[in-house]
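# Remarks on the overall topology
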Amino acid sequence: MASEKARELRPNDFHGGVHPPENKQQSTGEPIGSIPLSEDLIVPLLQHSGATALPLVKLGDDVLKGQKIAEADGLISSPVHAPSSGKVVAIEPCAVPHPSGLAEDSIVIRTDGEEHWCELQPCEDYTQLSPVELLEKIRDCGIAGMGGAGFPTAVKLDPHGGAEIDTLIINGTECEPYITADDMLMRERAEEIIAGIGIISYILDEPERVLIGIEDNKPQAIAAMREAAGDTRFDIVVFPTKYPSGGEKQLIQILTGREVPNQGLPANVGIVCQNVGTARAIYRAVRYGEPLISRVTTVVGQALERQRNIDVPIGTPIHHILKHHGIHRRPDAKGDYRRSHDGLHHRR
(Lines give C-alpha, C1' and ligand atoms only; values in the text may rest on other atoms or scores of the structure.)
Protein backbone atom coordinates (compact mmCIF):
# COMPACT_ATOMS: atom_id res chain seq x y z
CA MET A 1 0.00 0.00 0.00
CA ALA A 2 1.01 3.63 -0.44
CA SER A 3 1.66 4.18 3.27
CA GLU A 4 3.89 1.12 3.46
CA LYS A 5 5.92 2.23 0.46
CA ALA A 6 6.24 5.75 1.90
CA ARG A 7 8.20 4.43 4.89
CA GLU A 8 10.83 3.05 2.55
CA LEU A 9 11.53 6.39 0.86
CA ARG A 10 14.43 8.42 2.19
CA PRO A 11 14.14 12.16 1.55
CA ASN A 12 17.21 14.23 0.80
CA ASP A 13 18.15 17.65 2.17
CA PHE A 14 19.10 20.95 0.59
CA HIS A 15 21.75 23.46 1.57
CA GLY A 16 20.67 26.22 3.93
CA GLY A 17 17.19 26.85 5.21
CA VAL A 18 15.88 28.28 8.48
CA HIS A 19 13.47 27.30 11.25
CA PRO A 20 11.28 30.35 12.00
CA PRO A 21 8.52 30.13 14.63
CA GLU A 22 5.72 28.21 12.91
CA ASN A 23 2.69 29.95 14.44
CA LYS A 24 0.35 27.43 12.84
CA GLN A 25 -1.60 26.18 15.83
CA GLN A 26 -3.65 29.39 16.06
CA SER A 27 -5.64 28.62 12.90
CA THR A 28 -6.06 24.82 13.08
CA GLY A 29 -8.38 24.61 16.06
CA GLU A 30 -11.60 24.37 14.06
CA PRO A 31 -12.73 23.04 10.66
CA ILE A 32 -12.65 25.05 7.46
CA GLY A 33 -15.48 27.55 7.73
CA SER A 34 -17.23 30.22 5.70
CA ILE A 35 -18.51 33.76 6.11
CA PRO A 36 -21.56 35.62 4.74
CA LEU A 37 -21.30 36.69 1.11
CA SER A 38 -19.94 40.19 0.61
CA GLU A 39 -22.17 42.80 -1.01
CA ASP A 40 -19.48 43.48 -3.61
CA LEU A 41 -16.86 41.14 -5.08
CA ILE A 42 -13.81 42.82 -6.62
CA VAL A 43 -12.51 40.24 -9.09
CA PRO A 44 -9.04 41.01 -10.51
CA LEU A 45 -8.47 40.17 -14.16
CA LEU A 46 -4.90 39.15 -13.36
CA GLN A 47 -4.97 36.35 -10.79
CA HIS A 48 -2.31 34.31 -12.54
CA SER A 49 1.13 34.49 -14.11
CA GLY A 50 1.02 35.85 -17.64
CA ALA A 51 -1.29 38.21 -19.49
CA THR A 52 -4.32 39.94 -17.99
CA ALA A 53 -7.63 38.33 -18.98
CA LEU A 54 -9.93 40.25 -21.35
CA PRO A 55 -13.44 41.18 -20.09
CA LEU A 56 -16.39 39.40 -21.70
CA VAL A 57 -19.03 41.44 -19.84
CA LYS A 58 -19.99 45.10 -19.75
CA LEU A 59 -21.29 47.48 -17.14
CA GLY A 60 -24.81 46.57 -16.05
CA ASP A 61 -24.69 42.95 -17.16
CA ASP A 62 -26.26 40.31 -14.94
CA VAL A 63 -23.95 37.35 -14.33
CA LEU A 64 -24.40 33.87 -12.90
CA LYS A 65 -22.14 32.11 -10.43
CA GLY A 66 -19.41 30.30 -12.33
CA GLN A 67 -20.01 32.26 -15.55
CA LYS A 68 -16.90 33.15 -17.54
CA ILE A 69 -16.55 36.94 -17.29
CA ALA A 70 -13.08 37.33 -18.82
CA GLU A 71 -11.22 35.28 -21.43
CA ALA A 72 -7.55 34.30 -21.42
CA ASP A 73 -5.35 36.55 -23.52
CA GLY A 74 -2.98 34.10 -25.16
CA LEU A 75 -1.35 30.87 -24.01
CA ILE A 76 0.12 32.12 -20.73
CA SER A 77 -3.09 33.53 -19.35
CA SER A 78 -6.23 32.24 -17.66
CA PRO A 79 -9.96 32.98 -17.89
CA VAL A 80 -11.80 34.49 -14.92
CA HIS A 81 -15.26 33.49 -13.65
CA ALA A 82 -17.93 35.12 -11.51
CA PRO A 83 -17.62 33.94 -7.87
CA SER A 84 -21.34 34.59 -7.31
CA SER A 85 -24.41 35.79 -9.17
CA GLY A 86 -25.22 39.47 -9.42
CA LYS A 87 -24.71 42.58 -11.55
CA VAL A 88 -21.53 44.09 -12.97
CA VAL A 89 -21.29 47.55 -11.39
CA ALA A 90 -17.75 48.50 -12.39
CA ILE A 91 -14.92 47.48 -14.71
CA GLU A 92 -11.96 49.53 -13.55
CA PRO A 93 -8.61 49.43 -11.75
CA CYS A 94 -9.04 48.53 -8.07
CA ALA A 95 -6.63 48.11 -5.19
CA VAL A 96 -5.64 44.50 -4.63
CA PRO A 97 -3.65 42.75 -1.86
CA HIS A 98 -0.22 42.90 -3.47
CA PRO A 99 3.10 44.19 -2.11
CA SER A 100 3.34 46.65 -5.00
CA GLY A 101 0.33 48.60 -3.77
CA LEU A 102 -0.69 49.09 -7.38
CA ALA A 103 -4.24 48.78 -8.66
CA GLU A 104 -5.22 46.06 -11.14
CA ASP A 105 -7.99 45.95 -13.71
CA SER A 106 -10.97 44.31 -12.04
CA ILE A 107 -14.64 43.48 -12.51
CA VAL A 108 -16.82 44.50 -9.56
CA ILE A 109 -19.94 42.38 -9.04
CA ARG A 110 -22.80 43.56 -6.81
CA THR A 111 -24.04 40.22 -5.49
CA ASP A 112 -27.74 39.39 -5.43
CA GLY A 113 -27.51 36.82 -2.64
CA GLU A 114 -29.17 34.17 -4.79
CA GLU A 115 -26.02 32.20 -5.72
CA HIS A 116 -27.57 31.15 -9.04
CA TRP A 117 -25.13 28.91 -10.93
CA CYS A 118 -24.57 28.91 -14.65
CA GLU A 119 -24.85 25.59 -16.45
CA LEU A 120 -21.85 23.37 -15.73
CA GLN A 121 -20.39 20.46 -17.69
CA PRO A 122 -19.71 17.57 -15.27
CA CYS A 123 -17.79 14.42 -16.18
CA GLU A 124 -18.32 11.22 -14.19
CA ASP A 125 -15.46 9.27 -15.79
CA TYR A 126 -12.43 11.29 -16.82
CA THR A 127 -10.86 8.30 -18.56
CA GLN A 128 -13.49 8.70 -21.27
CA LEU A 129 -11.78 11.94 -22.25
CA SER A 130 -8.37 12.32 -23.85
CA PRO A 131 -5.59 14.22 -22.04
CA VAL A 132 -6.03 17.03 -24.57
CA GLU A 133 -9.74 17.29 -23.77
CA LEU A 134 -9.01 17.31 -20.05
CA LEU A 135 -6.42 20.04 -20.48
CA GLU A 136 -9.03 22.11 -22.32
CA LYS A 137 -11.52 21.67 -19.45
CA ILE A 138 -8.85 22.66 -16.92
CA ARG A 139 -7.91 25.70 -18.98
CA ASP A 140 -11.54 26.74 -19.55
CA CYS A 141 -12.25 26.50 -15.80
CA GLY A 142 -9.45 28.97 -15.10
CA ILE A 143 -7.35 26.64 -12.98
CA ALA A 144 -4.01 28.20 -12.04
CA GLY A 145 -1.44 27.11 -9.48
CA MET A 146 -2.82 27.48 -5.96
CA GLY A 147 0.55 27.43 -4.20
CA GLY A 148 1.44 31.05 -4.89
CA ALA A 149 2.90 31.56 -8.37
CA GLY A 150 -0.44 31.13 -10.13
CA PHE A 151 0.96 29.66 -13.34
CA PRO A 152 -1.84 28.46 -15.67
CA THR A 153 -2.19 24.77 -14.87
CA ALA A 154 -3.08 23.52 -18.36
CA VAL A 155 0.20 24.93 -19.67
CA LYS A 156 2.21 23.36 -16.86
CA LEU A 157 0.63 19.96 -17.49
CA ASP A 158 1.44 20.14 -21.19
CA PRO A 159 5.23 20.51 -21.21
CA HIS A 160 6.61 21.65 -24.52
CA GLY A 161 9.82 20.58 -26.20
CA GLY A 162 9.12 16.86 -25.92
CA ALA A 163 10.19 16.61 -22.27
CA GLU A 164 9.89 13.10 -20.84
CA ILE A 165 8.11 13.26 -17.48
CA ASP A 166 8.86 10.34 -15.17
CA THR A 167 7.93 11.91 -11.82
CA LEU A 168 4.88 13.83 -10.61
CA ILE A 169 5.39 15.72 -7.35
CA ILE A 170 2.46 16.99 -5.31
CA ASN A 171 3.40 19.79 -2.94
CA GLY A 172 1.76 19.57 0.49
CA THR A 173 4.70 21.17 2.26
CA GLU A 174 3.27 24.57 3.24
CA CYS A 175 6.44 25.65 5.02
CA GLU A 176 5.47 29.30 5.50
CA PRO A 177 4.77 30.49 9.08
CA TYR A 178 1.11 31.08 9.99
CA ILE A 179 -0.40 29.63 6.79
CA THR A 180 -2.36 26.39 7.28
CA ALA A 181 -4.73 26.35 4.29
CA ASP A 182 -3.10 23.31 2.65
CA ASP A 183 -2.82 21.53 5.99
CA MET A 184 -6.56 21.89 6.64
CA LEU A 185 -7.38 21.07 3.03
CA MET A 186 -5.46 17.78 3.31
CA ARG A 187 -7.15 16.96 6.62
CA GLU A 188 -10.67 17.59 5.31
CA ARG A 189 -10.54 17.12 1.51
CA ALA A 190 -7.94 14.38 1.11
CA GLU A 191 -10.15 12.18 -1.08
CA GLU A 192 -10.71 15.02 -3.56
CA ILE A 193 -6.98 15.79 -3.62
CA ILE A 194 -6.15 12.14 -4.35
CA ALA A 195 -8.81 12.06 -7.07
CA GLY A 196 -7.26 15.16 -8.62
CA ILE A 197 -3.82 13.56 -8.51
CA GLY A 198 -5.27 10.62 -10.43
CA ILE A 199 -6.47 12.97 -13.16
CA ILE A 200 -3.09 14.71 -13.33
CA SER A 201 -1.30 11.37 -13.55
CA TYR A 202 -3.60 10.30 -16.38
CA ILE A 203 -2.92 13.51 -18.30
CA LEU A 204 0.84 12.95 -17.91
CA ASP A 205 0.56 9.38 -19.24
CA GLU A 206 1.03 7.75 -15.82
CA PRO A 207 4.55 8.79 -14.78
CA GLU A 208 6.71 6.18 -13.07
CA ARG A 209 6.53 7.89 -9.68
CA VAL A 210 3.92 10.02 -7.95
CA LEU A 211 5.36 11.59 -4.78
CA ILE A 212 3.28 13.61 -2.32
CA GLY A 213 5.61 15.65 -0.11
CA ILE A 214 4.42 16.74 3.35
CA GLU A 215 6.47 18.20 6.20
CA ASP A 216 6.44 16.23 9.45
CA ASN A 217 4.67 19.01 11.39
CA LYS A 218 1.33 18.00 9.84
CA PRO A 219 0.54 14.58 11.37
CA GLN A 220 -3.23 14.83 10.89
CA ALA A 221 -2.86 15.79 7.24
CA ILE A 222 -0.36 12.96 6.70
CA ALA A 223 -2.75 10.43 8.22
CA ALA A 224 -5.69 11.69 6.14
CA MET A 225 -3.70 11.62 2.91
CA ARG A 226 -2.37 8.12 3.59
CA GLU A 227 -5.88 6.85 4.23
CA ALA A 228 -7.21 8.51 1.08
CA ALA A 229 -4.32 7.19 -1.02
CA GLY A 230 -5.22 3.65 0.06
CA ASP A 231 -3.81 1.09 -2.34
CA THR A 232 -2.94 3.59 -5.08
CA ARG A 233 0.64 3.81 -6.28
CA PHE A 234 0.98 7.32 -4.83
CA ASP A 235 3.75 7.66 -2.22
CA ILE A 236 3.30 10.03 0.72
CA VAL A 237 6.82 11.19 1.61
CA VAL A 238 7.28 12.81 5.03
CA PHE A 239 10.38 14.90 5.68
CA PRO A 240 11.70 17.26 8.39
CA THR A 241 10.23 20.72 8.69
CA LYS A 242 12.45 23.51 7.35
CA TYR A 243 11.81 26.72 5.45
CA PRO A 244 11.79 26.98 2.39
CA SER A 245 11.16 23.29 1.73
CA GLY A 246 7.97 24.24 -0.10
CA GLY A 247 9.88 25.97 -2.87
CA GLU A 248 9.54 23.96 -6.06
CA LYS A 249 13.26 23.46 -6.65
CA GLN A 250 13.94 22.69 -2.99
CA LEU A 251 11.11 20.14 -2.86
CA ILE A 252 12.38 18.44 -6.02
CA GLN A 253 15.81 18.09 -4.45
CA ILE A 254 14.33 16.76 -1.21
CA LEU A 255 12.17 14.12 -2.88
CA THR A 256 14.35 13.06 -5.82
CA GLY A 257 17.89 14.36 -5.30
CA ARG A 258 17.68 16.10 -8.69
CA GLU A 259 18.63 19.75 -9.14
CA VAL A 260 16.72 21.96 -11.55
CA PRO A 261 19.13 24.08 -13.67
CA ASN A 262 19.34 27.73 -12.66
CA GLN A 263 17.46 28.93 -15.74
CA GLY A 264 15.58 25.68 -16.24
CA LEU A 265 12.22 24.21 -15.40
CA PRO A 266 11.29 21.02 -13.52
CA ALA A 267 10.32 19.47 -16.86
CA ASN A 268 13.98 19.71 -17.87
CA VAL A 269 14.75 17.04 -15.26
CA GLY A 270 11.64 14.96 -15.95
CA ILE A 271 9.39 16.37 -13.23
CA VAL A 272 6.05 18.17 -12.98
CA CYS A 273 5.02 19.76 -9.65
CA GLN A 274 1.52 20.68 -8.52
CA ASN A 275 0.14 22.00 -5.24
CA VAL A 276 -2.43 19.97 -3.27
CA GLY A 277 -4.95 22.80 -3.66
CA THR A 278 -4.42 22.75 -7.41
CA ALA A 279 -5.02 18.98 -7.48
CA ARG A 280 -8.34 19.46 -5.71
CA ALA A 281 -9.31 22.32 -8.04
CA ILE A 282 -8.55 20.07 -11.02
CA TYR A 283 -10.82 17.37 -9.59
CA ARG A 284 -13.68 19.83 -9.05
CA ALA A 285 -13.23 21.26 -12.55
CA VAL A 286 -13.24 17.87 -14.29
CA ARG A 287 -15.80 16.03 -12.16
CA TYR A 288 -18.32 18.84 -11.64
CA GLY A 289 -17.30 21.45 -14.20
CA GLU A 290 -16.62 23.98 -11.44
CA PRO A 291 -14.35 26.90 -12.33
CA LEU A 292 -11.86 28.33 -9.86
CA ILE A 293 -13.99 30.87 -7.96
CA SER A 294 -12.97 30.34 -4.33
CA ARG A 295 -10.08 29.13 -2.24
CA VAL A 296 -9.29 28.07 1.32
CA THR A 297 -7.59 31.00 3.05
CA THR A 298 -5.91 31.30 6.45
CA VAL A 299 -7.21 34.19 8.57
CA VAL A 300 -4.83 34.65 11.47
CA GLY A 301 -3.33 37.40 13.63
CA GLN A 302 -3.29 38.88 17.11
CA ALA A 303 -5.74 41.59 16.07
CA LEU A 304 -8.48 39.01 15.44
CA GLU A 305 -10.91 37.47 17.91
CA ARG A 306 -11.27 34.36 15.73
CA GLN A 307 -8.46 32.63 13.83
CA ARG A 308 -9.14 29.81 11.38
CA ASN A 309 -9.33 28.85 7.70
CA ILE A 310 -12.29 29.72 5.51
CA ASP A 311 -13.38 28.79 2.00
CA VAL A 312 -13.99 32.24 0.58
CA PRO A 313 -15.08 33.54 -2.84
CA ILE A 314 -12.35 35.19 -4.88
CA GLY A 315 -12.82 38.96 -4.88
CA THR A 316 -14.09 39.15 -1.29
CA PRO A 317 -12.83 42.41 0.25
CA ILE A 318 -10.31 41.79 2.98
CA HIS A 319 -12.07 44.21 5.33
CA HIS A 320 -15.18 42.01 5.00
CA ILE A 321 -13.17 38.91 5.97
CA LEU A 322 -11.58 40.68 8.94
CA LYS A 323 -14.91 42.08 10.15
CA HIS A 324 -16.30 38.56 10.39
CA HIS A 325 -13.31 37.47 12.47
CA GLY A 326 -13.60 40.18 15.11
CA ILE A 327 -10.94 42.63 13.97
CA HIS A 328 -9.94 45.06 16.71
CA ARG A 329 -7.28 47.73 16.83
CA ARG A 330 -4.62 47.26 19.49
CA PRO A 331 -1.53 49.38 20.10
CA ASP A 332 0.69 46.54 18.84
CA ALA A 333 -1.54 45.65 15.85
CA LYS A 334 -0.11 46.75 12.53
CA GLY A 335 -1.83 47.43 9.21
CA ASP A 336 -4.73 49.46 7.88
CA TYR A 337 -7.79 47.24 7.32
CA ARG A 338 -10.14 50.01 6.17
CA ARG A 339 -9.48 50.00 2.43
CA SER A 340 -12.76 48.97 0.85
CA HIS A 341 -11.43 47.56 -2.44
CA ASP A 342 -8.79 45.11 -1.22
CA GLY A 343 -10.27 42.09 -2.97
CA LEU A 344 -8.99 38.55 -2.44
CA HIS A 345 -6.91 36.98 -5.22
CA HIS A 346 -6.96 33.22 -5.67
CA ARG A 347 -3.22 33.46 -5.09
CA ARG A 348 -2.32 33.70 -1.45
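Refer to the structure printed above.
Residues numbered from 1 in each chain as written. Predicted model: local features only at pLDDT ≥ 70, side-chain atom pairs only at ≥ 80, totals over all residues. Heavy atoms only, no water.

## A few points about the sheet that holds strand E4 (residues 68-71)
One open sheet accounts for three strands, arranged E2-E4-E5; its pairing is antiparallel. Each edge of the open sheet is held by one strand with a lone partner, namely strand E2 (54-55) and strand E5 (80-81). One ladder, built from two bridges, connects E4 with E5; its direction is antiparallel. Residue pairing for E5: Lys 68 is matched across the bridge by His 81. (Pairing = 2+ DSSP bridges. Helix = DSSP H or I, 4+ residues; strand = E, 2+ residues; numbered from the N terminus.)

## Quick word on the state of the cysteines
Applying the stated rule across the entire model yields zero disulfides. No disulfide involves Cys 118; its sulfur sits 9.2 Å from the nearest other cysteine sulfur, which is in Cys 141. Looking at Cys 118, the relative accessible area reads 17%, which means it is buried. (Disulfide = S-S within 2.5 Å. Buried < 20%, exposed > 50% of the residue type's maximum accessible area, 1.4 Å probe, protein only.)

## A closer look at the packing of aromatic side chains
Aromatic rings considered in pairs are described by the distance between their centres and by the relative angle of their planes. Across all of its chains, the model carries two aromatic pairs by this definition. When the ring of Tyr 126 is compared with that of Tyr 202, the centres are 5.4 Å apart and the planes differ by 70°; the resulting orientation is edge-to-face. Highlighted residues: Tyr 126 in the loop between strand E7 (103-111) and helix H2 (131-140) and Tyr 202 in helix H4 (residues 181-203), separated in sequence by 76 residues. Residues Tyr 283 and Tyr 288 carry aromatic rings whose centres are separated by 5.9 Å and whose planes lie at 90° to one another, so their mutual orientation is edge-to-face. The ring of Phe 14 carries the charged tip of Lys 242 above its face, separated from the ring centre by 4.3 Å. (Phe/Tyr/Trp six-rings, centres within 6.5 Å; stacked < 30°, edge-to-face > 60°. Lys NZ or Arg CZ within 6 Å of the ring centre and 35° of its normal.)

## As for the sheet that holds strand E8 (residues 167-171)
On the basis of which strands lie adjacent, the open sheet formed by four strands has the order E10-E9-E8-E11 and parallel pairing. Where the open sheet ends on each side, the last strands, each with one partner, are strand E10 (235-239) and strand E11 (271-275). Taken over all neighbouring pairs, the strand axes of this sheet differ in orientation by 25° on average, direction set aside. The sheet contact formed by strand E9 (residues 209-215) and E10 spans five bridges and is parallel. Across the sheet, the residue bridging to Glu 215 is Phe 239, located in E10. (Axes fitted to C-alpha atoms, helices over the stretch in contact; angles between N-to-C directions.)

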